[in-house]
Every structure is written in C-alpha cells, then in structure tokens.
Amino acid sequence: GNLSVMRMLRILRVVRIIRLVRMLRLIAELRTIVVCIMGSLRSLIWTVALLILIIYITAVCMTDAVSEARTHEGSLEDPLLTQYYGSLFRSVLTLYEAIAGGVSWDVAVMPLIQ
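Residues numbered from 1 in each chain as written. Predicted model: local features only at pLDDT ≥ 70, side-chain atom pairs only at ≥ 80, totals over all residues. Heavy atoms only, no water.

A. Spatial organisation of the nonpolar core. Counting residues in hydrophobic clusters, the biggest one holds 10 residues: Ile-55, Ala-59, Met-62, Val-66, Leu-81, Tyr-84, Tyr-85, Leu-95, Val-103 and Ala-108. Elements supplying a minimum of two residues to this core: helix 1 (2-73) and helix 2 (79-85). Considering each element in turn, this core owes the most residues, 4 residues, to helix 1. Once residues lying within four places of it in the same chain are set aside, the contact partners of Ala-108 are Tyr-84, Tyr-85 and Thr-94. (Core = buried A, V, L, I, M, F, W, Y, C linked by side-chain atoms within 4.5 Å. Buried < 20%, exposed > 50% of the residue type's maximum accessible area, 1.4 Å probe, protein only. Helix = DSSP H or I, 4+ residues; strand = E, 2+ residues; numbered from the N terminus. Contact = heavy atoms within 4.5 Å.)

Written as structure tokens, this is what we have:
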C-alpha cells in the first residue's frame, strides 16, 4: 500500500516537471515574439513620424494656397472649401480622413478643382 502511493507521487512529480518544461518552451517562444515586436517598434515610430510630417507639410501648402486664392479673388467663399481647408487643423484632418477612409479624396479635392 505505502509503496504504491510513493510510486504514484513520483509519477505525478515527473508529470509536473514535464509540464513545466513544456511551459518554459512556450515562454521562450513568447519571449522571442515580444523581442521581435519591440525591435520593429523603432521602424514603426519613424514611419509614423514621417507620415505625420508629410501630412503636415501638405496641409500647410494647401491651407496657404486656399488662403492666397481667397485673398486675391476676394469673393471666394465656397463653404466646402472652408470646411475642408479653412484652417491648418481642418486641412490636416481632411488629409488624414482621406488616408484613413473617412472621406473620399474625390469629395475632398472637388472644392480645390472648382
């Protein structure tokens, strides 16, 4: 009786050790995945920074062009032009929406064409 209980406890310990080894292998794989993601974050941050810079420069040019056209033509008061390009913030927002799919680029560019 007592000997078979001791054997069962040893077998259970071996099973626990095998489970632990399997878990450690999974943790090592998870660690590898996390290290790879952390390594790619630097490139992602630079890409996002470059995208924001391009959007900002384009928005400044568009806002300046709309402001200049209003100044020279005087009576240029298109409500859509004001809605999409009336300020620098609105121009940045319009460009972001065009990239993200919030507004169609065709709709956003129509006031500039007219």
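B. Seen up close, helix 4 (residues 105-113). The complete set of buried residues in helix 4 reads Ala-108, Val-109 and Pro-111. Here the buried residues of helix 4 occupy an arc of 145 degrees about the axis, which is enough to place them on one side. In this fold, the buried residues of helix 4 make contact with helix 2 and helix 3 (88-100). (Arc of directions from axis to C-beta.)

C. Representation of the side chain of Ser-91 in the model. Within the secondary structure layout, Ser-91 lies in helix 3. By relative accessible area, Ser-91 is classed as buried at 0%. Filtering out sequence-adjacent residues up to four positions away, Ser-91 remains in contact with Ala-59, Thr-63, Tyr-84 and Tyr-85.

D. Inspection of the side chain of Thr-63 at higher detail. With respect to the secondary-structure elements, Thr-63 resides in helix 1. Only 2.6 Å separates the side chain of Thr-63 from the side chain of Ser-91, close enough to count as a polar contact. Those residues in contact with Thr-63 that lie beyond four places of it in its chain are Tyr-85, Ser-87, Leu-88 and Ser-91. (Polar contact = N/O pair within 3.5 Å; in protein donor to acceptor, adjacent residues only side chain to side chain.)

E. Here's a closer look at the packing of helix 1 against helix 3. For the pair helix 1 and helix 3, the least separation of the axes is 8 Å and the interaxial angle reads 125 degrees. The angle between the axes of helix 1 and helix 3 places the two elements in the oblique class. In this structure, helix 1 meets helix 3 at a crossing whose hand is right-handed. Every residue of helix 3 that contacts helix 1 at Leu-51, Ile-55, Tyr-56, Thr-58, Ala-59, Val-60, Met-62 and Thr-63 is listed here: Leu-88, Ser-91, Val-92, Leu-95 and Ile-99. (Axes fitted to C-alpha atoms, helices over the stretch in contact; angles between N-to-C directions. Parallel < 35°, antiparallel > 145°, perpendicular 65-115°, else oblique. Left-handed = near helix turned anticlockwise from the far one by under 90°.)

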